[in-house]
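# An overview of the molecular structure
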Amino acid sequence: MSTSPTPALSTVGPVRVGQLWQDMAPDMVDRKRMLRVVTVTETHAKCVVERDERSGMTGRETRPLAVKRFATSAFKLIEDVVDDADQALYARFLAAMTGVQGTTPTPAEYATAALRVHRELTAEAAKARN
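Computed from a prediction, not measured in an experiment: that's the story for all the values here. (Residues numbered from 1 in each chain as written. Predicted model: local features only at pLDDT ≥ 70, side-chain atom pairs only at ≥ 80, totals over all residues. Heavy atoms only, no water.)

### Observations regarding the sheet that holds strand 7 (residues 75-79)
For the record, the criterion: For two strands to count as paired, DSSP must find a minimum of two bridges between them. Numbered from the N terminus, helices here are DSSP runs of H or I no shorter than four residues, and strands are runs of E no shorter than two.
In spatial order, the strands read 6-5-4-3-7; together these 5 strands make up an open sheet with antiparallel pairing. Every interior strand has two partners, whereas the edge strands, strand 6 (65-66) and strand 7, have only one. Of the pairings in the sheet, the one linking strand 4 (residues 34-40) to strand 5 (residues 44-51) comprises 6 bridges and is antiparallel in character. From the neighbouring strand, Val-37 faces strand 5, where its bridge partner is Cys-47.

Have a look at this one:
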């Protein structure tokens, strides 16, 4: 699960702890500067430089960045975080896909396996509500 209290929105969704963003500022694009979000408040995100072609910059903390800047072209989301619930769902779908038998399974067979998992999840959610 995400450790950020209330994720602030960017153009691609909430800014959350663990995300990797590319700094798209004109002087940073050539350096391929990547920032990993380590803390998020309602207004600011603190990041660590995960990659920078300028020597000595990797590992440094940035000054707190205004979360609203992530909603502009100043940053590009490179890697999103996956919370525990998403990971469990992914594992169930992956198991269903892996369970498709045959030497050359068809797309329809994969779709049927995914649909079966979807129906199971829907039934479980309905049962939990009752």
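### Some points on the pattern of salt bridges
Threshold: Any carboxyl oxygen of Asp or Glu within 4 Å of a side-chain nitrogen of Lys or Arg constitutes a salt bridge here. The buried label applies to any residue whose accessible area, calculated with a 1.4 Å probe on protein chains only, is under 20% of its type's maximum; exposed applies above 50%, and partly exposed to all values in between.
According to the stated counting rule, one finds 11 salt bridges in the structure shown. The partner of Asp-23 in a salt bridge is Arg-33, and the shortest N-O contact between them spans 3.0 Å. Of the two residues, Asp-23 is situated in strand 3 (residues 20-23) and Arg-33 in the loop between helix 1 (26-29) and strand 4; the sequence distance between them amounts to 10 residues. Per residue, the accessibility class of Asp-23 equals that of Arg-33, and both read buried. For Glu-53, the salt bridge identified is with Lys-32, shortest N-O distance 3.7 Å. One end of the pair, Glu-53, is in the loop between strand 5 and strand 6; the other, Lys-32, is in the loop between helix 1 and strand 4, and 21 residues separate them in sequence. Linked through salt bridges whose partners overlap, the residues forming this network are Asp-23, Arg-31, Arg-33 and Asp-52.

### So, the side chain of Asp-52
Heads up, the rule is: We call two N or O atoms a polar contact when they sit within 3.5 Å, provided that within protein one can donate a hydrogen and the other can accept it, with sequence-adjacent residues counted only if both atoms are side-chain atoms. Here, two residues are considered to be in contact whenever any of their heavy atoms come within 4.5 Å of each other.
Looking at the element boundaries, Asp-52 is found in the loop between strand 5 and strand 6. Side chain to side chain, Asp-52 and Arg-31 meet in a polar contact 2.5 Å long. There is a polar contact of 2.9 Å between the side chain of Asp-52 and the backbone nitrogen of Arg-54. Apart from residues no more than four positions distant in its own chain, Asp-52 is found in contact with Arg-31, Lys-32, Arg-33, Met-57 and Thr-58.

### Some details on the confidence of the model for the protein
Put simply, the test is: pLDDT expresses, on a scale from 0 to 100, how confident the predictor is about each individual residue.
Per-residue confidence for the protein gives a mean pLDDT of 85, with 90% of residues at or over 70. Contacts for the low-pLDDT stretch residues 1-7, under 50 throughout, to residues beyond four places or in other chains number 14 contacts.

### Some points on the packing of aromatic side chains
Stated precisely, the cut-off is as follows: The pairing test for Phe, Tyr and Trp rings, Trp by its six-membered ring, is centres within 6.5 Å, and the orientation test on the planes gives stacked under 30 degrees, edge-to-face over 60, and tilted for anything in between.
Within this structure, the stated rule accounts for 2 aromatic pairs. Each ring, one from Phe-70 and one from Phe-75, has its centre 4.6 Å from the other, and the planes form 20°; the classification is stacked. Per residue, the accessibility class of Phe-70 equals that of Phe-75, and both read buried. Through pairs of rings, three or more aromatic residues link up here, namely Trp-21, Phe-70 and Phe-75.

### Quick notes on the pairing of strand 4
Burial of strand 4 is extensive: 5 of the 7 residues sit out of reach of the surface. Joining the antiparallel neighbours strand 4 and strand 5 is a turn of 3 residues.

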